[in-house]
Amino acid sequence: MAAVMSAKCTMRLAAETAPEFSNVVKNNAIGSVAVMADIFNNIEVVLGQSLFCKVKHHIIVIDGISLDAILHTHYPSRNLEGLIPVMPDWLDVPGEKEFILSRYKCISNELEFVMPILMCPDDCDLSCTVVVAHVVRTGNRVAWKKLGIDMSSREDMLSGYDHIGTTVDWLDKIPELTFTEPEYTSQFNKIYL
């Protein structure tokens, strides 16, 4: 599974760095040519258990690999393995729940925003480790342009949750991930609706 993600990321990087490969990226297993416009990552939201949370909960899976495992593979010293999706039903503070739901609803109204996607399972709030995605929506695509760790201070949080995503330690080793809008929405509706 990791090889599939690496192949997609490698193809995307090859097309971005070598203009002669911008349209034709690779031959697939049945011999047809994949065009850059047709390359999407697969996203699923499944029920399972994570490293530190033995109660079944939603897990974000990209190309067959849990998102926290992807982050851990690239950043093993950052303690990202075991993070869980930011699930509104697990947030105790009503303002945090409202904030997350309002950000999720941005997908239908705004073309670009920062969305908290993973949180620490110990506290289940937005004041501990929170991984955010810089989301860009264009037509039938939803792209996570980059992922990062929100660095908002507790003082920032006291003045409002809108600070989340304004100060971010971007995880540059994680490539852009692109999904079809219908698949993205149907999967994330499992968490947010």
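Structure: see above.
This one's a predicted model, so the numbers in the text were calculated from it and none came from an experiment.

Cut-off values and rules
Residues numbered from 1 in each chain as written. Predicted model: local features only at pLDDT ≥ 70, side-chain atom pairs only at ≥ 80, totals over all residues. Heavy atoms only, no water. Salt bridge = Lys/Arg side-chain N within 4 Å of Asp/Glu carboxyl O. Helix = DSSP H or I, 4+ residues; strand = E, 2+ residues; numbered from the N terminus. Buried < 20%, exposed > 50% of the residue type's maximum accessible area, 1.4 Å probe, protein only. Expected span 1.5 Å × (residues − 1). Pairing = 2+ DSSP bridges. Contact = heavy atoms within 4.5 Å. Axes fitted to C-alpha atoms, helices over the stretch in contact; angles between N-to-C directions.

**Q** Explain the pattern of salt bridges here, please?
**A** Enumeration over the complete set of coordinates arrives at three salt bridges. Across the pair Arg-78 and Asp-169 runs a salt bridge, and its minimum N-O distance is 2.7 Å. Within this pair, whereas Arg-78 is found in the loop between helix H2 (67-74) and strand S6 (84-85), its partner Asp-169 is found in strand S10 (residues 168-170), the two being separated by 91 residues in sequence. Since its relative accessible area comes to 31%, Arg-78 is described here as partly exposed. With a closest N to O distance of 3.2 Å, Glu-176 and Lys-145 form a salt bridge. Residue Glu-176 is located in the loop between S10 and strand S11 (177-180), and its partner Lys-145 is located in strand S9 (residues 141-150); the two are separated by 31 residues in the primary sequence. Lys-145 sits in the partly exposed class, given a relative accessible area of 37%.

**Q** What's the story with helix H5 (residues 181-192) in this structure? I'm lost.
**A** Residues that lie three or four places apart on an α-helix share one face, since the helix turns once every 3.6 residues. Along its 12 residues, H5 runs 15 Å from first to last C-alpha, staying within 8% of the 16 Å computed at 1.5 Å per residue. For H5, the complete set of buried residues consists of Tyr-184, Thr-185, Gln-187, Phe-188, Ile-191 and Tyr-192.

**Q** Just to check I follow, could you spell out the sheet that holds strand S5 (residues 65-66) for this structure?
**A** Strand pairing in a sheet relies on backbone hydrogen bonds, with the paired strands running either antiparallel or parallel. Spatially, S3-S4-S5 is the arrangement adopted by the three strands of the open sheet, whose pairing is antiparallel. The open sheet terminates on both sides in strands that have one partner only, identified here as strand S3 (43-48) and S5. Bridge count between S3 and strand S4 (residues 57-62): six bridges; the pairing is antiparallel. Looking at S4, one finds that Leu-47 is bridged to His-58. Each of S3 and S4 is contacted by H5, which is oriented at about 25° to S3, the strand it contacts most.

**Q** Explain the environment of Tyr-75 here, please?
**A** Position of Tyr-75 among the secondary structure elements: in the loop between H2 and S6. Separated by 96 residues in sequence, Tyr-75 and Leu-171 have C-alpha atoms that sit 8.3 Å apart. Ignoring sequence-local partners within four residues, the contact set of Tyr-75 consists of Leu-80, Leu-171, Asp-172, Lys-173 and Ile-174.

**Q** Even after reading the chapter, I still don't get the pairing of S9, so can you show me in this structure?
**A** One face of the sheet, then the other: side chains in a regular strand alternate in exactly this way. Within S9, seven of the 10 residues are buried, which leaves it mostly tucked inside the rest of the structure. With eight bridges joining them, strand S8 (residues 130-138) and S9 adopt antiparallel strand pairing. Looking at the pairing, Val-136 lines up with Ala-143 of S9. Taking the residues that link successive antiparallel strands as the turn, the S8-S9 hairpin has two residues, and the phi of Gly-139 there is positive, at about 55°. In the sheet, S9 pairs with S11 via four bridges, with the strands oriented antiparallel. For Trp-144, the partnering residue across the bridge sits in S11 and is Leu-177. Pairing analysis gives three bridges linking S9 to S10, with the strands arranged antiparallel. By the bridge assignment for S10, Gly-148 is matched with Trp-170.

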